[in-house]
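Structure assessment
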Amino acid sequence: MSLTAGIVGLPNVGKSTLFNAITKKNILAANYPFATIDPNVGVVVVPDERLNFLNDLYTPKSLVPTTFEFTDIAGLVKGASNGEGLGNKFLSHIREVDAICEVVRCFENEDIIHVENDINPIRDIEVIEIELILSDLEIVDNRFNKIGKKAALSKDKEIQKEAHILTKLKNALEKNIPIRRIELTDDEKLYIKSFNLLTSKPIIYVANVSEDDLLSGGNKYLENVLEYAKKDNAEVVSICAKIESDLSNMESNDKKTFLSELGINESGIDKLIKASYKLLGLKTFFTAGEDECRAWTFKTGMKAPECAGIIHSDFEKGFIKAEVMSYSDLEKYGNDKMVKEAGKLRLEGKDYIMQDGDICYFRFNV
């Protein structure tokens, strides 16, 4: 699946440091705005303990995890929607991603300057939110100006429908309400999909805290972000970019030891990857055998033939049946044979909706 989460934030909030840690790439992380002007895309492995179990069971020749893309987008500033700080270019990059991970500075450090000269995460969130709203409002206004008069005079139901939706969006945006906070029907969501509005994208807030605050459970800034995120029914992932940077240079066993010594069960990056995966409605199915054990990403609600097509288009075209067992059944019974003897191996047809953790063998004919 080619879905991407964009990492956004004001300059010097720890955005590029976090991205460096995520992808282990040496993106320029400088102490001034616009250190990264072009977006940087990094592919990361989605952590999944189930793949380790399959590896131990089948001892395959190859083990292939599923992956996810993050895009690092240069820091926004106030006035971006009017072109400040190359803002229009940055906004166009945000428009290309499917979800937003907004990094918010929740730490104090006199050595790292803040573009607004003090620490105020809610103000920072609102600065970005207003710029995205203004950009969306421009798009909605332009479209409304093209069809508004025509809709008032025309009896064309489609034009009237679009004018109604645009009015709904325009009223919200003019009140500084992002599109994701207003109620839209499924038809309305489908109708505005082509507009690719920035504030309609799902969002995660990434609170970048100091090491001490991460270990102690947070600070006043984090509490403010948690409260604000309720408006969007959004998840907040608390991370320390400095710790993640240190972890990125360690081997797997050393990471586990380091996290254990800190009293942390899971790295912030792993939490962020899983949260982003969930935000986009992504799930995982597996193919497993002695040659290869592999995780595959699919979108919630996809049917068996569509998932077969993720592996190869011929699998979808010639789909016959899918042999399916759930990961939980395989873990419970221990091997394929025992799953089959327990009557838990199923043959599913074209209408079967795939479930997270399904282990599949697709029958096809082309």
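For the structure itself, consult the block above.
So, how was this worked out
Residues numbered from 1 in each chain as written. Predicted model: local features only at pLDDT ≥ 70, side-chain atom pairs only at ≥ 80, totals over all residues. Heavy atoms only, no water. Helix = DSSP H or I, 4+ residues; strand = E, 2+ residues; numbered from the N terminus. Buried < 20%, exposed > 50% of the residue type's maximum accessible area, 1.4 Å probe, protein only. Contact = heavy atoms within 4.5 Å. Areas by Shrake-Rupley, 256 points an atom, 1.4 Å probe, with all protein chains shown as cover. Pairing = 2+ DSSP bridges. Axes fitted to C-alpha atoms, helices over the stretch in contact; angles between N-to-C directions. Parallel < 35°, antiparallel > 145°, perpendicular 65-115°, else oblique. Left-handed = near helix turned anticlockwise from the far one by under 90°. Core = buried A, V, L, I, M, F, W, Y, C linked by side-chain atoms within 4.5 Å. Salt bridge = Lys/Arg side-chain N within 4 Å of Asp/Glu carboxyl O. Expected span 1.5 Å × (residues − 1). Lys, Arg positive; Asp, Glu negative; His and termini not counted. Polar contact = N/O pair within 3.5 Å; in protein donor to acceptor, adjacent residues only side chain to side chain.

Within the protein, the secondary structure is distributed over 15 helices and twelve strands. Taken across its 366 residues, the protein has 48% of its residues classed as buried. For the protein, the proportion of contacts with a sequence separation of at least 24, taken over those separated by at least 6, is 70%. Looking at the protein as shown, the accessible area adds up to about 18700 Å², and 47% of this sits on carbon and sulfur atoms.

This part takes up the sheet that holds strand β4 (residues 67-72). Read from one edge of the open sheet, six strands run β2-β4-β1-β5-β6-β7, paired in mixed fashion. Both edges of this open sheet fall to β2 (40-45) and β7 (236-239), since each of them pairs with a single strand only. Strand after strand, the sheet turns through a mean of 25 degrees between neighbouring axes, direction not considered. Across six bridges, the pairing between strand β5 (residues 99-105) and strand β6 (residues 203-208) is parallel. Paired with V103 across the two strands is V206, which belongs to β6. Against the sheet, helix α11 (residues 268-279) makes contact with β1 (4-8), β2, β4, β5, β6 and β7, and its axis sits at roughly 170 degrees relative to β6, the strand it touches most.

With that settled, the discussion passes to the pairing of β6. Looking along a regular strand, one sees the side chains alternate between the two faces of the sheet. The buried count for β6 comes to six of six residues, which makes it a mostly enclosed element. Neither face of β6 is left uncovered, since the one carrying I203, Y205 and A207 and the one carrying I204, V206 and N208 both have all their residues buried.

Moving on: the packing of helix α1 (residues 15-23) against helix α9 (residues 241-248). The geometry of a pair of packed helices is captured by two quantities: the angle between their axes and the separation between those axes. α9 packs onto α1 with a crossing angle of 25 degrees between their chain directions and a minimal axis gap of 8 Å. Judged by the inter-axis angle, α1 sits roughly parallel to α9. Both α1 and α9 take part in a crossing whose hand is left-handed. From α1, T17, L18 and A21 reach across to α9, where they touch A241, E244, S245 and S248.

Right, let's talk about unusual backbone geometry for a bit. One non-glycine residue with positive phi stands out, namely N12, at about 65 degrees. Inspection of the secondary structure puts N12 in the loop between β1 and α1. For N12, a relative accessible area of 14% corresponds to the buried category. Even without being a glycine, T59 presents a positive backbone phi close to 40 degrees. By the secondary structure assignment, T59 is in the loop between α2 (49-58) and β3 (62-64).

With that settled, the discussion passes to the nonpolar core. Looking at soluble globular proteins, one finds that nonpolar side chains tend to be buried together. F68, F70, Y205 and L272 are the most contacted members of the largest nonpolar core, which totals 54 residues. Core analysis: the next-biggest nonpolar cluster, separate from the first, contains 16 residues, I133, L173, L184 and I192 among them.

Moving on, we come to the pattern of salt bridges. Scanning the model with the defined rule gives 21 salt bridges in all. We note a salt bridge from D246 to K242, for which the minimum N-O separation is 3.0 Å. Of this pair, D246 and K242 both sit in helix α9, four residues apart, which is roughly one turn of the helix.

For the rest of this paragraph, the subject is helix α5 (residues 157-174). Here α5 is 18 residues long and its end C-alpha atoms lie 26 Å apart, about the 26 Å a rise of 1.5 Å per residue gives. Among the residues of α5, those classed as buried are I159, E162, A163, I165, L166, L169, K170, A172 and L173. Count one or two residues on from α5 and you reach N176, which has phi positive near 60 degrees.

The next subject is the side chain of D358. Along the polypeptide, D358 turns up in strand β12 (residues 358-364). The side chain of D358 is buried and forms no salt bridge, while R346, the nearest opposite charge, is found at 4.0 Å. Engagement of the side chain of D358 in a polar contact is seen with the side chain of Y352, the distance being 2.7 Å. For D358, the contacting residues outside a window of four places in its chain are T284, F285, F286, V324, M325, S326, R346 and Y352.

What follows concerns the environment of F364. Among the structural elements, F364 can be located in strand β12. Residue classification places F364 among the partly exposed residues on the basis of a relative accessible area of 33%. Each residue touching F364, except ones within four places of it in the same chain, is listed here: D314, F315, G318, F319 and I320.

This part is about the environment of F53. Among the structural elements, F53 can be located in helix α2. What makes F53 partly exposed here is its relative accessible area of 24%. Separated by 277 residues in sequence, F53 and L330 have C-alpha atoms that sit 9.8 Å apart.

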